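Residue-level structure breakdown
Read off the chains here:
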Amino acid sequence: MTILPYALGIGLIAITISMFMCLIRLIVGPSVIDRLLALDTLFLNATCLIVVLGIYWVSTNLFEGALLVAMLGFVSTAALARYFTTGHVID
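An unreviewed UniProt entry annotates the protein chain as Monovalent cation/H+ antiporter subunit F originating from Acinetobacter vivianii. In UniProt, the protein chain has this text filed under Subcellular location (unreviewed entry): "Cell membrane". The Sequence similarities (unreviewed entry) comment attached to the protein chain in UniProt states, word for word, "Belongs to the CPA3 antiporters (TC 2.A.63) subunit F family."

Let us look at the overall build of the protein chain. Regarding its fold elements, the protein chain presents three helices and zero strands. Going residue by residue from the N terminus, the α and β elements of the protein chain occur as α-α-α. Its C-alpha atoms give the protein chain a radius of gyration of 16 Å, more than 25% over the compact-globule value 12 Å for 91 residues. Taken across its 91 residues, the protein chain has 21% of its residues classed as buried. Taking as baseline every contact in the protein chain between residues at least 6 positions apart, the subset at least 24 positions apart corresponds to 44%. Per element, the accessible surface of the protein chain, about 6,500 Å² overall, is 77% carbon and sulfur.

Interaxial distance between helix 2 (residues 32-56) and helix 3 (residues 61-86) falls to 8 Å at its minimum, and their mutual angle equals 175°. Looking at the two axes, helix 2 sits roughly antiparallel to helix 3. For the contact of helix 2 with helix 3, the residue count by class is 18 nonpolar, six polar and one charged.

Our next topic: the packing of helix 1 (residues 4-28) against helix 2. Where helix 1 contacts helix 2, the axes come no closer than 9 Å and their chain directions differ by 160°. The angle between helix 1 and helix 2 places the two elements in the roughly antiparallel class. As for the relative orientation of helix 1 and helix 2, their crossing is left-handed in sense. Residue composition of the contact of helix 1 with helix 2, grouped by class: 20 nonpolar, four polar and three charged.

To continue, consider the UniProt feature "transmembrane region" (unreviewed entry) in the protein chain. Under the UniProt annotation, the feature "transmembrane region" (unreviewed entry) is placed at residues 6-24, 36-59 and 65-85. Annotation note: span residues 6-24, helix share 100%, strand share 0%, distance between end C-alpha atoms 27 Å. Its end C-alpha atoms 31 Å apart, residues 36-59 is made of 88% helix and 0% strand.

Of all hydrophobic cores here, the largest spans five residues; its members are Leu8, Leu12, Ile15, Val52 and Leu53. Of all elements in the fold, only helix 1 and helix 2 reach the threshold of two or more residues within this core. Of the residues forming this core, the biggest block, three residues, is contributed by helix 1. Excluding residues within four positions of it along the chain, Ile15 makes contact with Asn45, Cys48, Leu49 and Val52.

Scoring rules and cut-offs
- Residues numbered from 1 in each chain as written.
- Predicted model: local features only at pLDDT ≥ 70, side-chain atom pairs only at ≥ 80, totals over all residues.
- Heavy atoms only, no water.
- UniProt positions renumbered as here; feature names shortened; annotations may be inferred.
- Helix = DSSP H or I, 4+ residues; strand = E, 2+ residues; numbered from the N terminus.
- Rg over C-alpha atoms; globule rule 2.2 N^0.38 Å.
- Buried < 20%, exposed > 50% of the residue type's maximum accessible area, 1.4 Å probe, protein only.
- Contact = heavy atoms within 4.5 Å.
- Areas by Shrake-Rupley, 256 points an atom, 1.4 Å probe, with all protein chains shown as cover.
- Axes fitted to C-alpha atoms, helices over the stretch in contact; angles between N-to-C directions.
- Parallel < 35°, antiparallel > 145°, perpendicular 65-115°, else oblique.
- Nonpolar A, V, L, I, M, F, W, Y, C, P; charged D, E, K, R; others polar.
- Left-handed = near helix turned anticlockwise from the far one by under 90°.
- Core = buried A, V, L, I, M, F, W, Y, C linked by side-chain atoms within 4.5 Å.

Now the structure itself:
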């Protein structure tokens, strides 16, 4: 008997709760910076969720999807931070 499915199940529940809390902060956040940080954390949680599901379903295809989500999250966070500080994304 292995403990891996139980640990992955607990991890999935924890990541899902964290994503829900980030979604609440994204909607209700008092400032734009809070919303931007919630969006960045939501991308991080989505990447973690995809990786954990890839381990749970024993599929290597999901790891490429996690890499794409991580790259998209980095670029969008950097672009939004630049937009909120200077008012434009590209000089």
